[in-house]
Structures are given as C-alpha cells and as structure tokens.
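Listed below, chain by chain, are the residues.
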Amino acid sequence: AQSVTQLGSHVSVSEGALVLLRCNYSSSVPPYLFWYVQYPNQGLQLLLKYTTGATLVKGINGFEAEFKKSETSFHLTKPSAHMSDAAEYFCAVSDEGGYQKVTFGTGTKLQVIP
Amino acid sequence: DAGVIQSPRHEVTEMGQEVTLRCKPISGHNSLFWYRQTMMRGLELLIYFNNNVPIDDSGMPEDRFSAKMPNASFSTLKIQPSEPRDSAVYFCASSLGGSTGEQFFGPGTRLTVL
C-alpha cells in the first residue's frame, strides 16, 4: 500500500519569505504525485502533479515541487509567500492498483504573516 | 465544463433524520469518490466507484452510511439515521480512467446534525 507523510501540520512564514512544505511518500512502483490546495470553505484543487519526465514540476501561483526518488520526497516550494497563499496543502500519491485511487496526506496549514 | 456538482451545499438536520447528499461528476469521468473531512480526522476516503460499480467501501464508517451510483452522471451518499458525530464536510470527486489519477473535487456539502 502507498502512503504519504507530511511533516508539520502547521507552517508559518512571513510575507515574502520562502515557502517549504515537506512531503515524503512510500510506493512500490513509480508513483504519480500531487499537491492539492484547499482554501477556506472550498474543495481541493490541483496545484501541480508529477507523472514522468522532468523531476521539477511547476504549478499554479508560482509553486513548484521536485521529485527526488532517492529521498522519496516531493517537497513543495515557493520563493516568496503572498498573503493569498494562506490555505491548507495536501500531498497525495496515486494507487498502483488502478481505478485512480489517490492516497492523501494529513495536510499542512500554511499561515502567512504580514 | 461545470466541474463536479454537489447538492445541497449546506444541510442542517436533527439526529435520527435521513440525509441524502448528491453528486454529479464531470462528464466522461468514470471514477467517483466520496470523502469526509473533519478537524479531528482530516480527509477520509469513504467509498469509490469505477464505471458505476463500488470498488472499495472499506472507509464507510457504519452501516448507517450507504452510497449508490445508478448511472455515470449521478451518485448519492445516504446517512440513515444521522448522528451528531456525522457532522462534517462531505466531498465528491471524479477522475478520468486511464489518466494519472488527478481527481477533481466538488465544493462539498457541509452537514450539521443537531
């Protein structure tokens, strides 16, 4: 079975500072990896995904993530935080069994301090 | 495309009443997922369907919960009888077969059981 671990349930950064949200996964096969964002009172929306090819993946709103197989990591970064980035972020990995089942992490709430 | 549609957006009911949540997936998607999100337990997968067939319902908490997908464009999640601990936000998501597993989420139904 696949699993995802997100380090830190809450992360606070100052506006303009680097955002780093950590995600480690376990998978017996090459994974598909995702980051989703959830703004207050909304559903989850895809931020970016890794399938194959280039290991540095760029997403919406200036976010990017790098797939590191040797470290089984898929950390999310953004060079400069904006107030509008305050949200909850979920890392996820797809299931090797098919049917597009995705295993989600427990989420990291990002607070941006003015 | 209208995206995943859920109704109602908010539901307030009294303990013991039957509650039915509805979902219309994105046209052409053949996998559908029901999730529950609470502060205490985070995001939980309740059940998922592929081509209208339930594949895994191991996340359904009790026999009070049931889900159906009578056709490719409609699914229901029913709670009978409802209890206060069922209060949560319920999300429906859909994905496209043969894809990388990206799921598209609806806006959710906020259920409050008094």
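Heads up: the structure comes first, above all this text.
Remember, it's a predicted structure, so these values are computed and weren't measured experimentally.

(A) Spatial organisation of the sheet that holds strand E7 (residues 65-71) of chain B. Residues and elements named next belong to chain B. Pairing is antiparallel across the open sheet formed by 4 strands, whose spatial order is E1-E3-E8-E7. The open sheet has two edge strands, strand E1 (5-7) and E7, and neither has a second partner. Strand-to-strand twist of the sheet, defined as the mean angle between neighbouring strand axes without regard to direction, takes the value 15 degrees.

(B) The state of the cysteines, seen in detail. Residues and elements named next belong to chain B. Taken as a whole and assessed by the stated rule, the structure comprises 2 disulfides over all chains. Across a sulfur-sulfur distance of 1.9 Å, Cys-23 and Cys-92 are joined as a disulfide pair. An S-S torsion of about -65 degrees defines the bridge between Cys-23 and Cys-92 as left-handed. Taken as a pair, Cys-23 in strand E3 (residues 19-24) and Cys-92 in strand E9 (residues 88-95) lie far apart in primary sequence, 69 residues in all. Side by side, Cys-23 and Cys-92 carry an identical accessibility label, which is buried.

(C) Inspection of unusual backbone geometry at higher detail. Backbone torsion omega between B:Ser7 and B:Pro8 reads -10 degrees, so that peptide bond is classified as cis. Note on placement: B:Pro8 falls in the loop between E1 and strand E2 (10-13). Cis geometry marks the peptide bond from B:Gln80 to B:Pro81; its omega dihedral reads -5 degrees. Within the secondary structure, B:Pro81 is located in the loop between strand E8 (74-79) and E9. With a phi angle near 60 degrees, A:Asn61 is a residue other than glycine that sits in the positive phi range. Look at B:Asn52: it is not a glycine, yet its phi comes out positive at around 75 degrees. Residue position: B:Asn52 is located in the loop between strand E5 (42-50) and strand E6 (53-56).

Quick notes on the rules
- Residues numbered from 1 in each chain as written.
- Chains lettered and ligands numbered in written order.
- Predicted model: local features only at pLDDT ≥ 70, side-chain atom pairs only at ≥ 80, totals over all residues.
- Heavy atoms only, no water.
- Pairing = 2+ DSSP bridges.
- Helix = DSSP H or I, 4+ residues; strand = E, 2+ residues; numbered from the N terminus.
- Axes fitted to C-alpha atoms, helices over the stretch in contact; angles between N-to-C directions.
- Disulfide = S-S within 2.5 Å.
- Buried < 20%, exposed > 50% of the residue type's maximum accessible area, 1.4 Å probe, protein only.

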